[in-house]
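Coordinate inspection notes
Residues per chain, in single letters:
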Amino acid sequence: MNKNNFKFPSISEFQAVFGCEGDIDEDMVQCCEFIDRNGNKLRLTFGGIDCSFGCSVFHGDQEAFRVYDETFNGAQINEEKQTVEVFLSSSPEQVCSIKIWPEISVSMVRLK
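An account of the accompanying structure is given in this report.

1. Overview of the overall build of the protein
- Counting its regular elements, the protein contains one helix and nine strands.
- Across the protein, helices and strands are ordered from the amino to the carboxyl terminus as α-β-β-β-β-β-β-β-β-β.
- Since a compact globule built from 112 residues should have a radius of gyration of about 13 Å, the 13 Å found for the protein is in line with a globular shape.
- In terms of overall dimensions, the protein has C-alpha extents of about 40 × 35 × 30 Å along its principal axes.
- In the protein, buried positions account for 39% of the 112 residues.
- For the protein, the share of sequence-separated contacts (at least 6 apart) that also reach a separation of at least 24 residues comes to 28%.
- For the protein, the separation between the mean place of its 10 positive charges and that of its 18 negative charges on side chains is 8 Å.

2. So, a negative patch on the surface
- A surface patch of negative charge is lined by Asp 23, Asp 25, Glu 26, Asp 27, Asp 50 and Glu 70.
- Secondary-structure assignment places Asp 23 in strand 1 (residues 21-24).
- With relative accessibility at 45%, the residue Asp 23 sits in the partly exposed group.

3. Description of the pairing of strand 4 (residues 52-59)
- Most of strand 4 sits inside the fold, with seven of its eight residues counted as buried.
- In terms of strand pairing, strand 3 (residues 41-47) meets strand 4 through seven bridges, oriented antiparallel. Paired with Leu 44 across the bridge in strand 4 is Cys 55.
- From the end of strand 3 to the start of strand 4, which pair antiparallel, there are four residues, and Cys 51 there has a positive phi angle of about 55 degrees.
- Taken together, the seven bridges between strand 4 and strand 5 (residues 62-69) define a ladder with antiparallel strand orientation. Bridging from a neighbouring strand, Cys 55 pairs with Val 67 of strand 5.
- Between strand 4 and strand 5, which pair antiparallel in sequence order, lie two residues; one of them, Gly 60, sits at a positive phi of approximately 70 degrees.

4. Observations concerning the state of the cysteines
- Scanning the model with the defined rule gives zero disulfides in all.
- Left unpaired, Cys 32 is separated from the closest cysteine sulfur, that of Cys 20, by 4.4 Å.
- Overall, Cys 32 belongs to the buried group, its relative accessible area being 0%.

5. Considerations on the sheet that holds strand 4
- One open sheet holds the five strands; their spatial order is 1-2-3-4-5, and the pairing between them is antiparallel. Each edge of the open sheet is held by one strand with a lone partner, namely strand 1 and strand 5. When strand polarity is set aside, the average angle formed by the axes of neighbouring strands in this sheet is 10 degrees.
- Strand contacts of helix 1 (residues 11-18): strand 1, strand 2 (29-35) and strand 3, with the helix running at about 10 degrees to strand 2, the strand carrying the most contacts.

Parameters at a glance
- Each chain has its residues counted from 1, running along the sequence as written.
- Owing to the predicted nature of the model, reporting of local features is limited to residues with pLDDT of at least 70; listing and counting of side-chain atom pairs is limited to 80 or more, with chain, interface and lining totals taken over all residues.
- Working from all heavy atoms in the structure, the side-chain values ignore hydrogens and water.
- Runs of E in the DSSP output that reach at least two residues are strands. Runs of H or I that reach at least four are helices, and both are numbered from the N terminus.
- Between the two quantities, the radius of gyration covers C-alpha atoms and the globule rule is 2.2 Å times the number of residues to the power 0.38.
- Only protein chains enter the accessibility calculation, which uses a 1.4 Å probe; a residue is then buried when its area is under 20% of its type maximum, exposed when over 50%, and partly exposed in between.
- When checking whether two residues touch, look at their non-hydrogen atoms; a contact exists if any pair is within 4.5 Å.
- Counting rule applied: Lys, Arg positive; Asp, Glu negative; His and chain ends not counted.
- The atoms used to mark charge sites are NZ of Lys, CZ of Arg, CG of Asp and CD of Glu.
- To count toward a patch, a residue needs a relative accessible area above 30% and no salt bridge. Like charges then connect within 9 Å, nonpolar side chains (Val, Leu, Ile, Met, Phe, Trp, Tyr) within 5 Å.
- Note that accessible areas follow from Shrake-Rupley with a 1.4 Å probe, and for residues the cover is restricted to the protein chains shown.
- Here a salt bridge means any side-chain nitrogen of Lys or Arg lying within 4 Å of a carboxyl oxygen belonging to Asp or Glu.
- Strands are treated as partners if at least two bridges between them are detected by DSSP.
- Our working definition of a disulfide is a cysteine sulfur pair at a distance within 2.5 Å.
- Lines fitted to the C-alpha atoms define the axes, with helices restricted to the stretch that makes contact. Angles between their N-to-C directions range from 0 to 180 degrees.

This is how it looks when you write it as structure tokens:
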């Protein structure tokens, strides 16, 4: 069992805001896939047992960008901005801001 008290949105919360597809695999990793207005795909994964976070951006069938981290500390949806904010507990704290709509973009910031 995971000892961290982090939170992340459920598949149904992601679906309600972004209309995405989602499932939970046999390793208890939650995966959500989003398509932007240009047809580009974003895949987000959240591992509640191993404290992992993954983010992959695809252009066509090609994975153009990937982040994977095992210091996941939580995530939240900002419905007004159409973003997902992901918090990583590496020292110093790192924040991954992911714009879902209308076009996918990813920004990584490390805070002092």
